[in-house]
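Chain by chain, the residues run as shown.
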Amino acid sequence: MARILITSALPYINGIKHLGNLVGSMLPADVYARFQRQRGNDVLYICATDEHGTPAELAARDARQTVQQYCAEQYEIQAGAGEAFGLSFDHFGRSSNPPNHRLTQHFAAVLEDRGLIEERVDKQIYSIDDQRFLPDRYVEGICPHCEYEKARGDQCDNCGRLIDPIELKEPYSKISGSRNVEVRETRHLYLLQAQMQDRIARWVESKTEWPQLTKSIAKKWLKEGLRDRSITRDLVWGIPVAKDGAKRPGFENKVFYVWFDAPIEYIGATEEWALANNENWERWWRTDKGAADVKYVQVMGKDNVAFHTVSFPATILGSEEPWKTVDALKSLNWLTWYGGKFSTSENRGIFMDQALEILPPDYWRWHLMANAPESDDASFTLEHFASVVNKDLADVLGNFVNRITRFCNARFGDAVPEAGDYGEAEQNLITELDKRMADYAGYLEEMEFRKAFAELRAIWVAGNEYLQIAAPWTSIKTDEARAAASVRCALNLIVLFAALSRPVIPFTADKMFAIFGLDPVEASRWPTRAASALSRFKGGEAFTLPKVLFAKIEDEQVDEWRKRFGAE
RNA sequence: GGCGGGGUAGCUCAGUUGGUGAGAGCGCAGGAUUCAUAACCCUGAGGUCGGCGGUUCAAAUCCGCCCCCCGCUACCA
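Structural notes, computed from the coordinates. (Residues numbered from 1 in each chain as written. Chains lettered and ligands numbered in written order. Predicted model: local features only at pLDDT ≥ 70, side-chain atom pairs only at ≥ 80, totals over all residues. Heavy atoms only, no water.)

## Details of the sheet that holds strand E5 (residues 132-133)
(1) Moving on: Across the sheet, four strands lie side by side as E5-E4-E9-E10; this open sheet has antiparallel pairing. The open sheet has two free edges, formed respectively by E5 and strand E10 (229-230), since each of these has just one partner strand.
(2) Moving on: Here strand E4 (residues 117-127) runs beside strand E9 (residues 181-191); their pairing, made up of eleven bridges, is antiparallel. Along E9, the bridge assignment pairs isoleucine 125 with valine 183. (Pairing = 2+ DSSP bridges. Helix = DSSP H or I, 4+ residues; strand = E, 2+ residues; numbered from the N terminus.)

Below, the structure is given as structure tokens:
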């Protein structure tokens with residue numbers, strides 16, 4: 001039994017996530033976690049909200065709440081949406097919780113002991129009216145190079161050149177619009193990443209199983225040379241900067257930078273899980289305390305790759321402590337909304353709560369995973385969504401379950417028929433299924449989701465092909481035993497399909513088990529041999545005629561949703 | 001600007017250690033069937049593999065140049 005630690009990139013706290021965020025990290029991680037659990041592996045799937053930083057403070061202010069209230073509320077919303085989508089976190093924590101505070105202080109202290117942290121003084125734009133230092137992208141002004149009037153503090157959208165915000169002419173706050181700003185000096189802690197260049201490069205080289213996208217991003221950063229990074233900010237909401245158990249002199253009004261503490265929350269959330277479940281978190285994270293045999297899998301959008309392959313490892317490796325580091329790293333591209341960006345402010349796209357107002361989670365889970373943005377950005381359209389749902393779920397899978405249970409009910413009654421033996425048709429089916437099941441499991445193991453679910457769909461299709469060949473509605477006229485065996489085989493297929501489908505459509509899988517009154521946990525143990533799966537029911541097992549599993553999406557619904565969600 | 005990813009049938013995408021007549025799903029057309037959510041099953045039509053040039057007996061695949069889309073570029077996270 002393998003031990004597998006899975007983390008998905010932490011969703012930021014400022015509002016409920018859209019379908020692109022969902023498919024970019026949490027959903028693929030969930031599918032993988034479910035698959036590994038069904039195989040009998042010891043899985044720990046950890047996620048949390050990422051709560052610190054300027055956007056959280058500003059969002060709280062816009063909501064007229066304290067940032068604590070705001071985050072507490074948003075945490076509940078995100079946790080609820082995740083649960084409603086069937087995201088099977090073993091723990092969904094908060095980066096603002098005590099374990100992360102403790103661990104972040106620990107890493108900062110250890111890194112300082114190792115000589116990897118030093119204080120430096122920066123010049124930054126301070127907004128007097130906003131009473132805060134402005135992060136680069138919250139300052140706008142006239143570009144010093146091309147005179148463009150709305151250049152951002154980090155980069156000019158007109159000439160594309162990188163800018164230091166203190167160079168901007170006539171700078172103003174993007175938060176309030178105020179021009180009452182000035183350059184002030186501010187002291188920060190710097191993580192001396194440049195010193196760790198070789199160590200991280202060697203570590204990246206050792207990661208032979210990373211996919212190409214992941215490795216090329218890491219190498220690109222290394223090639224340019226790691227730069228020292230400031231890891232503190234002038235904010236009130238965050239983890240205070242301590243020294244020897246008290247506030248660090250000169251840092252009384254500062255906190256750690258969100259990108260420093262957020263990845264540490266992977267560990268912090270595991271500690272939260274351990275505290276809540278009387279478990280031991282170190283056996284998942286400390287190679288000296290039992291984590292040496294853990295396989296650690298991270299899932300994230302491509303924007304996060306650099307932070308997970310370089311920045312966070314700098315923290316971990318720099319400590320020189322025996323922390324578990326990532327083994328497999330799955331990165332996904334973006335899901336776009338009709339080719340453009342999902343946008344909260346412009347009401348474009350579908351967010352997790354809205355999605356579930358329209359349709360149950362499995363509809364979304366299937367479409368998102370079967371069309372996951374793996375090789376490139378992928379476009380979400382309602383038309384494509386409706387087509388995929390109707391064809392794959394309603395016609396191929398749902399109709400299979402419906403046609404055979406109804407036929408059995410009409411001709412043999414409410415129990416699996418017992419007569420007859422399997423013959424050539426069943427043997428051919430078993431041969432095909434064995435091949436496809438092995439391929440399917442292989443793709444899931446590699447986290448090649450599009451290929452995996454194309455294979456799963458082909459498995460469902462094989463069920464329909466089998467029925468077409470066996471044609472019990474014909475054979476029953478001349479050979480009732482033959483028809484009975486065919487129906488028994490097809491009913492067994494329902495259970496096999498449910499087990500194989502459960503990682504991606506768990507709610508439907510459990511409905512399929514419920515047809516036969518099966519316990520989902522027992523029945524979903526990962527099937528590896530079609531022959532044994534198809535001999536589960538010998539005959540006589542009672543079943544309940546199910547309702548239709550998937551309703552088709554009508555054109556009128558698509559039209560309505562297009563208007564509601566701003567499709568172009 | 002730099003770096004990375006992508007441009008293959010109407011649509012969404014597989015396919016690169018160069019070579020068996022270029023694939024899948026959807027959509028479309030025809031057929032078969034009637035157990036089923038007008039579903040399922042079978043067959044078929046559809047592509048100068050972004051453009052130009054080169055290497056080679058042979059290129060979607062290798063090299064060069066060009067065009068287009070997307071992302072990242074370290075203080076949004």
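Picking up after the structure, the text goes on.
## Overview of the pattern of salt bridges
(1) Moving on: All told, the structure shown has 37 salt bridges when counted by the stated rule.
(2) Moving on: For arginine 132, the salt bridge is made with glutamate 57, and the minimal N-O distance between the two is 2.9 Å. Within this pair, whereas arginine 132 is found in strand E5, its partner glutamate 57 is found in helix H2 (residues 54-62), the two being separated by 75 residues in sequence. The two residues arginine 132 and glutamate 57 agree in class, both being buried.
(3) Moving on: Among the ionic pairs, aspartate 392 bridges to arginine 457, the shortest N-O distance being 2.5 Å. Of this pair, aspartate 392 sits in helix H12 (residues 382-411) while arginine 457 sits in helix H14 (residues 449-470), and the two are 65 residues apart along the sequence.
(4) Moving on: Given the relative accessible area of 26%, arginine 457 is considered partly exposed.
(5) Moving on: Each of Glu112, Glu119, Arg187, Lys243 and Arg248 takes part in salt bridges that share partners, so that together they form one network. (Salt bridge = Lys/Arg side-chain N within 4 Å of Asp/Glu carboxyl O. Buried < 20%, exposed > 50% of the residue type's maximum accessible area, 1.4 Å probe, protein only.)

## Some details on the packing of helix H1 (residues 19-38) against helix H11 (residues 361-370)
(1) Moving on: Here H1 crosses H11 at 95°, and the two axes come no closer than 10 Å. When the interaxial angle is binned, H1 and H11 end up roughly perpendicular. The residues of H11 that touch H1, namely those facing Leu19, Leu22, Val23, Leu27, Pro28, Asp30, Val31 and Arg34, are Trp364, Arg365, Leu368 and Met369.
(2) Moving on: Of the residues assigned to the contact of H1 with H11, the class counts are nine nonpolar, no polar and three charged. (Axes fitted to C-alpha atoms, helices over the stretch in contact; angles between N-to-C directions. Parallel < 35°, antiparallel > 145°, perpendicular 65-115°, else oblique. Contact = heavy atoms within 4.5 Å. Nonpolar A, V, L, I, M, F, W, Y, C, P; charged D, E, K, R; others polar.)

## What to know about the protein's contact with RNA strand B
(1) Moving on: Taken together, 56 residues lie around RNA strand B, and Asp136, Arg137, Ser375, Asp377 and Arg406 are the ones closest in.
(2) Moving on: Within 4 Å of the protein, the atoms of RNA strand B are drawn from sugar and phosphate moieties in a proportion of 68%.
(3) Moving on: The side chain of glutamine 468 places a nitrogen or oxygen atom 3.4 Å from a base oxygen of RNA strand B.
(4) Moving on: Sorting the residues of the surface near RNA strand B by element identifies H2, E4, helix H6 (212-224), helix H7 (258-277), H12 and H14 as the ones contributing at least two each.
(5) Moving on: No other element matches the eleven residues that H12 contributes to the surface near RNA strand B.
(6) Moving on: For the surface near RNA strand B, a count of residues per class yields 19 nonpolar, 14 polar and 23 charged. (Near = heavy atom within 4 Å. Polar contact = N/O pair within 3.5 Å; in protein donor to acceptor, adjacent residues only side chain to side chain.)

## Here's the deal with the sheet that holds strand E1 (residues 3-8)
Either a parallel or an antiparallel arrangement is found when strands of a sheet pair, and the pairing is made through backbone hydrogen bonds.
(1) Moving on: One open sheet accounts for five strands, arranged E3-E2-E1-E15-E16; its pairing is parallel. A single partner strand is all that each edge strand has here, and the edge strands are strand E3 (91-94) and strand E16 (328-332). Each strand axis lies, on average, 20° off the axis of its neighbour in the sheet, ignoring direction.
(2) Moving on: Pairing analysis gives six bridges linking E1 to strand E15 (residues 294-301), with the strands arranged parallel. Of the residues in E15, the one forming a bridge with isoleucine 6 is valine 297.
(3) Moving on: Set on the sheet, H7 makes contact with E1, strand E2 (42-49), E3 and E15; between it and E2 the angle comes to about 115°.

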